[in-house]
Each structure stands twice: as structure tokens, then as C-alpha cells.
Amino acid sequence: MEFQAVVMAAGGGSRMTDLTSSIPKPLLPVGNRPLLWYPLNLLERAGFEEVIVITRKEIQKMLNLDTKMKLDFVCISDNMDMGTADSLRHIHQKIKTDVLVLSCDLITDVDLYKVVDLFRTHDATLSMLMKKSHEPTEVVPGQKGKKKPVEQRDFIGVDDTGKRLLFMANEADLDEELVIKRSILQKHPRMHIRTGLMDAHLYCLKKYVVDFLVENRSITSLRSELIPHLVRKQFSSPTSLQQGLDNREKDQKKKEQTSLDIYSFIKEDNSLLKPAADNSCWNDHRGDMNETLHEGKVRCYVHIMKEGLCYRVNTLGLYIEANRQVPKLLLNLGVEEPLVHGSAQITDRGMVGSDSIIGSSTQVGEKTSIKHSIIGSMCTIKDKVKITNCIIMNSVTIEEGCCLQGSVICHNAVIEKGADIKDCLIGSDQRLETKAKHVNEVIVGTEQLMEI
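Residues numbered from 1 in each chain as written. Predicted model: local features only at pLDDT ≥ 70, side-chain atom pairs only at ≥ 80, totals over all residues. Heavy atoms only, no water.

Caption draft 1: Broad picture of the pattern of salt bridges. Applying the stated criterion across every chain, the model contains 17 salt bridges. Residues Asp154 and Arg223 are paired through a salt bridge, measuring 2.2 Å at the closest nitrogen-oxygen approach. Here Arg223 lies in helix α8 (residues 222–233) and Asp154 lies in strand β9 (residues 154–158), a separation of 69 residues in the sequence. The same class applies to Asp154 as to Arg223, namely buried. Each of Asp98, Asp123, Lys206 and Arg299 takes part in salt bridges that share partners, so that together they form one network. (Salt bridge = Lys/Arg side-chain N within 4 Å of Asp/Glu carboxyl O. Helix = DSSP H or I, 4+ residues; strand = E, 2+ residues; numbered from the N terminus. Buried < 20%, exposed > 50% of the residue type's maximum accessible area, 1.4 Å probe, protein only.)

Encoded structure:
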């Protein structure tokens, strides 16, 4: 077994709490499949047979996944607030090989081998996936007129090939200047700084990185702490070399610092490569294998997707956007299932758009129009209803004469006769009264009406 796969599915979805307050993030329906299905499907298509899923007990109980892979669930207590690095540290005894880590909110049709082959070819410490970030094109319920939070940009430095990851810093961590270490520029005089890239939270990591995490408990996050640390370490010397040769006068504190250095966890397992590096002619110092043979032991690489779909479903806007793209995505993934489930009962099929998805056991009445929308299972949609650009979850009831546009309706909601809903989020178990009219509102939880 070359890699072990780990899917992180314990996060609470802090940037989309209007949705995740009643539906755990890994279970959010995207194209009538739980969000967690998408990274698992990516792994299954790549040939993985076993996956470790880090989640919470309530999520495991509610999961019903169609997969041939063996899923090894590791449940984290609800009262434990763990970052992604903490979660990986939590399962370290299960990790016997190099590891592929994915977030449960990743939806992509990437060829996984492009990330894995970078890792193999260059004997890398890290290889990761990025794609140009994109803004949701649809109106986000409840956010019209609201000042959009400013996202802090990432500055990503790559070499001429666009594959070697040389520099990574977030705007929030910088002063007014972007400072590049001389040690980087000495080895890579030409570096391309890119912004506007999204970290897909898909990482190939050496086993010794997990060993390093076990000892270095100050690191809690993979994305914001571990990955930037590894990128920086490529061009700095091991602690033991910086401090000179060991001698008896070194105090215990310095010894502890040395033990926490990533270099002290790297095992000399390149016995076949070492003679090649020692005996190589100048020609070997060029091309793809140059860095593997002649540069430092910590090496980081990135595959930047130029085409295809890649979403991190971590905001309401991106959740809506991902659902819009699902019919196209499922086609790309080779999923050969009809968009309208065989058990759905639809009176006027001609009024259902070809890009809409309708789940099992849903009933659709006469003269009801459904366009560019996703309807869950066991819903009841009565006569003369108009639904456009909506996401309707499971067991929702929509009574006669309603008009819904650009809205998200969560599980078990009831929309009574003649209601007119536009650009709204209606939470689970909510009931909207007859002929209600709501525009750009969020109606969730115990508060009957909350405008934001």
C-alpha cells in the first residue's frame, strides 16, 4: 500500500452556519448526494480500497453512502475542538505509509494522479492541489446590500515549471512589503508570484510529516500552519547544522528544539538515489530530476488545475454554485444515473428542465414548472408551482400556487399556498404561512424571521 487516504469530515462549517446549524456539513446535499460522497468518489475512481474518515458520531450514524471502499470511521468527541493537524495527529497510530489527506468539502473532477505523480517523481515532502478561485455568480440569499467580507489573499511563489512550490504567505501575515528570502532566490532566481489561487485542501504528505506533527503539538492546522512551515523549511538548514556540531555544553532546551525540527524526522531511505547524486555529471543538474538528486530533503510541489471543476464548498454562495454545476460534474465523473429518479411521480414531465435533478419518491403536481433546480427525495410539490434556480432538500412540502426563485429550502420545511419566495434561505422544519412574501431573507432556527 503506497498511500493511505484520510478524509477530514469533522468540521462544523463555521462560514456557512445558516446551513450547518441544522445539517452537519459533511451531510449537506449537493446534487442529492451528501457532500462527503464527492471526495470518497474521487478516491474510489483513483483505485483506493480503504479510507480513514475522521468525523463525529452523529454524522456517522446518519451516513448512508454507496461505496465499495472499506470506510474506517474515527469519531471525535463533540466537545473536542480539533484543527485539521490535531485530527491527523489523533489517528497517527493508524498511519503506516505516506498519506493523502482531503477535506470533505472538496468537489472536483481533477485527475488525482497528476498530484500523486508529482509526489512520486520528485520524492516530495508535500504535493498539493490548487485552482484559480472564482466568485459565485448567483445571488446569495440574505446578502443583497450586505458588505461582502474581504478575503485575505494568498501569495503563491512557483518556479518556471509552475510545479515547484517556493513561497507561500497570506496577506494577513504580511507587513506592507512582500519579503523573499535570499536563500530562495539563490537557488531559484526566477520566481512567479501568483494570487487568486484556491487551496483545494488536498495534500500528499510523507509519513515523517505525520511523525513530526505527533511531536510538534503547537501546530493545529494543516492549511495555515503546517503547509507554510514545510514550504519555508525547503530553503533553511536543519537546526542541528545551524547550531553547529553537538557538544556537551548545549542545554536541554536546545536539544528539544532540535528534536522538533522536521529534518530530524527524515529517514535516509534514498540509498539508491545517493550514489547517483554523488557520481552524477553536470548533465544531471538539469531537468526534472535535478531537485530530487541535488537539492534539500524537504521539497514541496503544487499541481495548479487549468481546466475542469474544483470547488471548496465552505460558504453558502459556493454551496449554491456547486449545486448548479452538479449535472455537468456527474457527467464528467461518468455517473450514469438519470437526473430524474425512477420512483419520482411527475404529472407534466415536459415542464421539468433537462438540467434539473429530482430525487426518489418525490411527487410533482399538474402544471408545475421546475427549471435549473435540484429537488430532494420524498418531497411533495403540488399544482401550479413555479420553481427556478432553487435547491430543495428532502421531505419538503410546497403547496399550490407557490413561486420560488433563487432560494434554498432545507429539510422538512413547509411552504403554504400562494407563497412568493425570492433569494431566501429557509431553514429545516420551518413553515411559511399562506401567501407569505419574502425577498432576500434568512429564516432559520427559533427566530421566525432574520434579515441580514
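Caption draft 2: Geometry of the environment of Lys386. Structurally, the position occupied by Lys386 is in strand β21 (residues 386–388). When its relative accessible area of 54% is taken as the criterion, Lys386 is described as exposed. Along the primary structure Lys386 and Thr368 are separated by 18 residues, whereas in three dimensions their C-alpha atoms are 5.9 Å apart. If sequence neighbours within four positions are ignored, Lys386 has contacts with Ser369, Cys402, Cys403 and Leu404. (Contact = heavy atoms within 4.5 Å.)

Caption draft 3: Representation of the side chain of Thr125. When you line up the elements, Thr125 lands in the loop between α5 (112–121) and β8 (126–132). Residues in contact with Thr125, not counting those within four places in the same chain, are Phe119, Cys204, Leu205, Lys206, Tyr208, Val209, Leu230, Lys297, Val298 and Arg299.

Caption draft 4: Just the sheet that holds strand β16 (residues 357–358), in detail. Pairing is parallel across the open sheet formed by six strands, whose spatial order is β16-β19-β22-β25-β28-β31. Taken across any chain shown, the strands that pair with only one partner, and hence form the sheet edges, are β16 and β31 (442–443). (Pairing = 2+ DSSP bridges.)

Caption draft 5: Representation of α8 in the model. In terms of residue burial, α8 counts as a mostly covered element, since nine of its twelve residues are buried. Its side-chain oxygen at 3.4 Å from the backbone nitrogen of Arg223, Ser221 defines the N-terminal cap of α8. (Polar contact = N/O pair within 3.5 Å; in protein donor to acceptor, adjacent residues only side chain to side chain.)

Caption draft 6: Fine view of a positive patch on the surface. Positive charge collects at one region of the surface, where Lys114, Lys132, Lys163, Arg194 and Lys306 lie side by side. Positionally, Arg194 belongs in strand β11 (residues 192–194). Exposure remark for Arg194: the relative accessible area of 35% places this residue in the partly exposed category. (Patch = residues over 30% accessible without salt bridge, like charges linked within 9 Å, V, L, I, M, F, W, Y side chains within 5 Å. Areas by Shrake-Rupley, 256 points an atom, 1.4 Å probe, with all protein chains shown as cover. Lys, Arg positive; Asp, Glu negative; His and termini not counted. Charge placed at Lys NZ, Arg CZ, Asp CG, Glu CD.)

Caption draft 7: Broad picture of unusual backbone geometry. Unusually for a residue other than glycine, Asn389 sits at a positive phi of about 55°. Despite not being glycine, Asn440 shows a phi value in the positive range, around 55°. Tracing the sequence through the fold places Asn440 in the loop between β30 (437–439) and β31. Among the residues examined, Asn440 registers a relative accessible area of 9% and is labelled buried.

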